[in-house]
Amino acid sequence: MPWDLRSVTMQTSPAPELDATAGITPDILDGGLADDLAAASLAIARRFHAGATMWCIAPKWEPHAHHMAVEFVHPVIVGKRALPALALTDPDIVAQARVSVRAGDIVIAVASADDPKVLDLMRRAPAWGALSVWIGSGARPPNGAADHVLWIDDANPLAPATGRFVLMYHLLWELTHVCFEHPGLLVEQPGDCTDEVCVTCSDEGRLAEVLLPPADSLGPALVRTAGGEEYIDVTLVAPVERDDLVLIHAGTALTRVGDQGW
Amino acid sequence: MVSSENTGFLYPFIEAEERDSGSLLGDLAASARDKAHESSALQLSTLAACAHDVLAAGDQMADRFAAGGRLYAFGNGGSSTDAATFAALFAQPVSGRPLPALNLAADQAVVTALGNDVGFELVFSRQIIAHSSSKDIAVAFSTSGNSADLLTALREASRRGLLTIGFAGYTGGEMGEAKEVDYCFVVRSQSIHRIQESQALLGYQLWASTQRDLARRTASLQATRPGGTA
């Protein structure tokens, strides 16, 4: 068996000639993705309308974070509103987002479903009061991993470099600006909440992130929630550390939210 | 640039009294699907028009890499991020052989020093002067094809013997005409967004072409070595 030099450098053997249709997917939005993009765009427009900043994240593909930010902050169409959007690229992206994100903001990520930093960040977004949007391809994140999951069902690991993610955030930008032409729809309507128990509007099971653990075993902990900072009782879940996530109801932490989600 | 044609249907009500979002959401989804189709159609026609040059440029890029050359990618704004994605595709590919490729907008110290001291038009060409050798490759990403900083850098690169490659949109602009640009890939569209989406796929195909050529060379090198299959 001859020594195969290719095995040293080539993990896969590329096809011999140019396949001019490779990576072209005209039906990419023909499933539910177009509806998901529409819903995300309206939610983003509403947040911007209320004063949000958009924080753009792509830990494995930083250029996508920068492209999203420049798209919104310096529009390609003269006369379109410049919207506050910034890329976050610190290696400790969760810490950078924690200090940057204010209640009402938007966090948008381009990342695979198994990116541990983005999973962590998306899990914390409700405690920070942020709208979360997650763009990716391949295996999907768990249900409820973000407010808006914009997913391309294509497992090709080269998808991030073929323009598909660029198409996704270009469309988000284009549709968001269409929403601005509908001022009557930029404020959430009472009828928009159709759940029997609406977690957004009630005090039911709000997520909180611990800012200051209790000074003594029976004391309260200072936490951050979508509604601001508050002292809560943590005796049911003690001990808690800084940055722990807990679910609170009526001023009391009922349970911890661990790395595995709820 | 987003065309303003055929979007009238998106604005059935502009009154502030509009309350039902259902109709808007349906229109947004339809618009998204239309734009995705438009993007794919442009990618297909662009690749068909550029296929020959993609193969030829890939072959020459493989020559340069095989000789120890390095790739410099650069652009402005969104195109600078597309240049960064392109450089990363070469340097850190998920498959294939990693190749030396740099994004010339990556270093804020260098970009701001040059922009402040010698002017923005020279931010890339000064780096080409400082870093490049005649074995290297310069790749500029533009949508207009008219950015002065990119054209200056491509001309400087050409003078120094680099292989020069440009990505442009519309009808190619000055980049499409410049004799100093060895290969100019023009995405014939008026929309900056659709141009960038096609450029990304062109860049991917250029990378794939380079990898195929390098793999062939590696295979033939193997065949001629003592104990090889030939």
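Residues numbered from 1 in each chain as written. Chains lettered and ligands numbered in written order. Predicted model: local features only at pLDDT ≥ 70, side-chain atom pairs only at ≥ 80, totals over all residues. Heavy atoms only, no water.

**Observations concerning the sheet that holds strand E8 (residues 228-232) of chain A**
Residue and element names in this part refer to chain A. The strand order across the open sheet built from 5 strands is E8-E7-E6-E9-E10, with neighbouring strands paired in antiparallel fashion. Whereas interior strands pair on both sides, the edge strands pair on one side only; in this sheet they are E8 and strand E10 (252-257). Within this sheet the neighbouring strands show an average axis-to-axis angle of 45°, counted without direction. Summarising the sheet, strand E7 (residues 221-225) and E8 pair through 5 bridges and their orientation is antiparallel. Bridge pairing in E8 links Ala221 to Ile232. In the packing of helix H5 (residues 116-128) onto the sheet, contacts are made with strand E6 (206-212), E7, strand E9 (245-249) and E10, and the angle to E6 comes to roughly 90°. (Pairing = 2+ DSSP bridges. Helix = DSSP H or I, 4+ residues; strand = E, 2+ residues; numbered from the N terminus. Axes fitted to C-alpha atoms, helices over the stretch in contact; angles between N-to-C directions. Contact = heavy atoms within 4.5 Å.)

**Considering helix H3 (residues 108-117) of chain B**
The opening residue of H3(B) is B:Asp107, an N-cap whose side-chain oxygen sits 2.9 Å from the backbone nitrogen of B:Ala109. Immediately downstream of H3(B), the backbone of B:Gly119 shows phi near 105°, a positive value. (Polar contact = N/O pair within 3.5 Å; in protein donor to acceptor, adjacent residues only side chain to side chain.)

**Description of the packing of aromatic side chains**
With the rule as written, the count across this model stands at 11 aromatic pairs over all chains. Residues B:Phe141 and B:Phe167 carry aromatic rings whose centres are separated by 4.4 Å and whose planes lie at 5° to one another, so their mutual orientation is stacked. With B:Phe141 in strand E3 (residues 137-141) and B:Phe167 in strand E4 (residues 163-169), this pair connects stretches of sequence that are 26 residues apart. We classify B:Phe141 as buried; its relative accessible area is 2%. Classification of B:Phe167 by relative accessible area gives buried; the value is 0%. Ring-pair connections join several aromatic residues into one group, and the members of that group are B:Phe65, B:Phe86, B:Phe90, B:Phe141, B:Phe167 and B:Phe185. The residue whose ring lies beneath A:Arg81 is A:Phe180, and the NZ or CZ to ring-centre distance is 4.7 Å. (Phe/Tyr/Trp six-rings, centres within 6.5 Å; stacked < 30°, edge-to-face > 60°. Buried < 20%, exposed > 50% of the residue type's maximum accessible area, 1.4 Å probe, protein only. Lys NZ or Arg CZ within 6 Å of the ring centre and 35° of its normal.)

**Comments concerning the environment of B:Pro93**
All names here are of chain B. Position of Pro93 among the secondary structure elements: in the loop between helix H2 (78-91) and strand E2 (101-103). Sequence separation between Pro93 and Trp207 is 114 residues, and the spatial gap between their C-alpha atoms is 9.5 Å. Setting aside anything within four residues of it in sequence, one finds Pro93 in contact with Ala88, Pro98 and Trp207.

**Remarks on the confidence of the model for chain A**
Across chain A, the average pLDDT comes to 88, with 87% of residues at 70 or higher. Predicted confidence is poor over residues 1-16 of chain A, with pLDDT under 50, and the contacts of this stretch with residues over four places away or in other chains come to 29 contacts. (pLDDT = per-residue confidence, 0-100.)

**Here's the deal with unusual backbone geometry**
Phi is mostly negative for residues that are not glycine, and the peptide bonds are mostly trans. Residues and elements named next belong to chain A. Geometrically, the link from Ala238 to Pro239 is a cis peptide bond, its omega value of -5° lying close to zero. Assignment of secondary structure puts Pro239 in the loop between E8 and E9. Unusually for a residue other than glycine, Asp243 sits at a positive phi of about 75°. On the secondary structure map, Asp243 appears in the loop between E8 and E9.

**Here's the deal with the interface of chain B and chain A**
Every contact between the two is made by 63 residues of chain B and, on the other side, 64 residues of chain A. Between chain B and chain A lies a buried interface of about 5,300 Å² when both sides are counted; carbon and sulfur atoms form 68% of it. At the boundary of chain B and chain A, one finds 2 salt bridges. Linking B:Lys35 and A:Glu174 is a salt bridge whose minimum nitrogen-to-oxygen distance equals 2.6 Å. Here chain B and chain A share 15 residue pairs in polar contact (both at pLDDT 80 or more) between them. Mapped by element, the contributors of at least two residues to the side of chain B that touches chain A are helix H1 (22-66), H2 and helix H7 (192-224) of chain B. Residue composition of the side of chain B that touches chain A, grouped by class: 30 nonpolar, 20 polar and 13 charged. (Buried area = accessible area lost by both parts, 1.4 Å probe. Salt bridge = Lys/Arg side-chain N within 4 Å of Asp/Glu carboxyl O. Nonpolar A, V, L, I, M, F, W, Y, C, P; charged D, E, K, R; others polar.)

**Digging into the packing of helix H2 (residues 33-49) of chain A against helix H6 (residues 164-179) of chain A**
All names here are of chain A. Where H2 contacts H6, the axes come no closer than 8 Å and their chain directions differ by 55°. Considering their axes alone, H2 and H6 lie oblique with respect to each other. Considering only the axes of H2 and H6, their crossing is right-handed. Note on element contacts: H6 touches H2 through Met168, Leu171, Leu172, Leu175, Thr176 and Cys179, opposite Leu33, Leu37, Ala38, Ala40, Ser41, Leu42, Ile44, Ala45 and Phe48. Across the contact of H2 with H6, the residue classes break down as 13 nonpolar, 2 polar and no charged. (Parallel < 35°, antiparallel > 145°, perpendicular 65-115°, else oblique. Left-handed = near helix turned anticlockwise from the far one by under 90°.)

**Structural notes on the packing of H1(B) against H7(B)**
Residues and elements named next belong to chain B. It is the contact of H1 with H7, at a shortest axis distance of 6 Å, that shows an interaxial angle of 35°. You can see that H1 and H7 cross each other, and the crossing is right-handed. Residue classes in the contact of H1 with H7 are distributed as 15 nonpolar, 8 polar and 9 charged.

**Some details on the sheet that holds strand E3 (residues 106-110) of chain A**
Residue and element names in this part refer to chain A. Across the sheet, 5 strands lie side by side as E2-E1-E3-E4-E5; this open sheet has parallel pairing. In this open sheet, the two edge strands, each paired with only one partner strand, are strand E2 (85-88) and strand E5 (148-152). Strand after strand, the sheet turns through a mean of 15° between neighbouring axes, direction not considered. Here strand E4 (residues 131-137) runs beside E5; their pairing, made up of 5 bridges, is parallel.

**Thoughts on the pairing of E2(A)**
Residues and elements named next belong to chain A. Pairing of strand E1 (residues 54-57) with E2, which is carried by 4 bridges, proceeds in the parallel orientation. Counterpart to Trp55 in the pairing with E2 is Leu86. Between E1 and its parallel partner E2, the chain crosses via helix H3 (residues 62-73), and the hand of that crossover is right-handed. (Right-handed = clockwise from strand over helix to strand, strands pointing away.)

**Points about the pattern of salt bridges**
Scanning all chains against the criterion turns up 23 salt bridges over all chains. Residue A:Lys60 pairs with A:Asp115 through a salt bridge whose shortest N-O separation is 3.9 Å. With A:Lys60 in the loop between E1 and H3 and A:Asp115 in the loop between E3 and H5, the pair connects residues that are 55 residues apart, well separated along the chain. According to the relative accessible area criterion, A:Asp115 is buried, its value standing at 3%. Here A:Glu174 and B:Arg194 are joined by a salt bridge, their closest N and O atoms 2.9 Å apart. Here A:Glu174 is found in helix H6, whereas its partner B:Arg194 is found in helix H7 on a different chain. In this structure, A:Glu174 and B:Arg194 share a single accessibility class: buried. Members of the salt-bridge network, linked through shared partners, are A:Arg98, A:Asp120, A:Arg123, A:Arg124, A:Glu209, A:Arg242 and A:Asp243.

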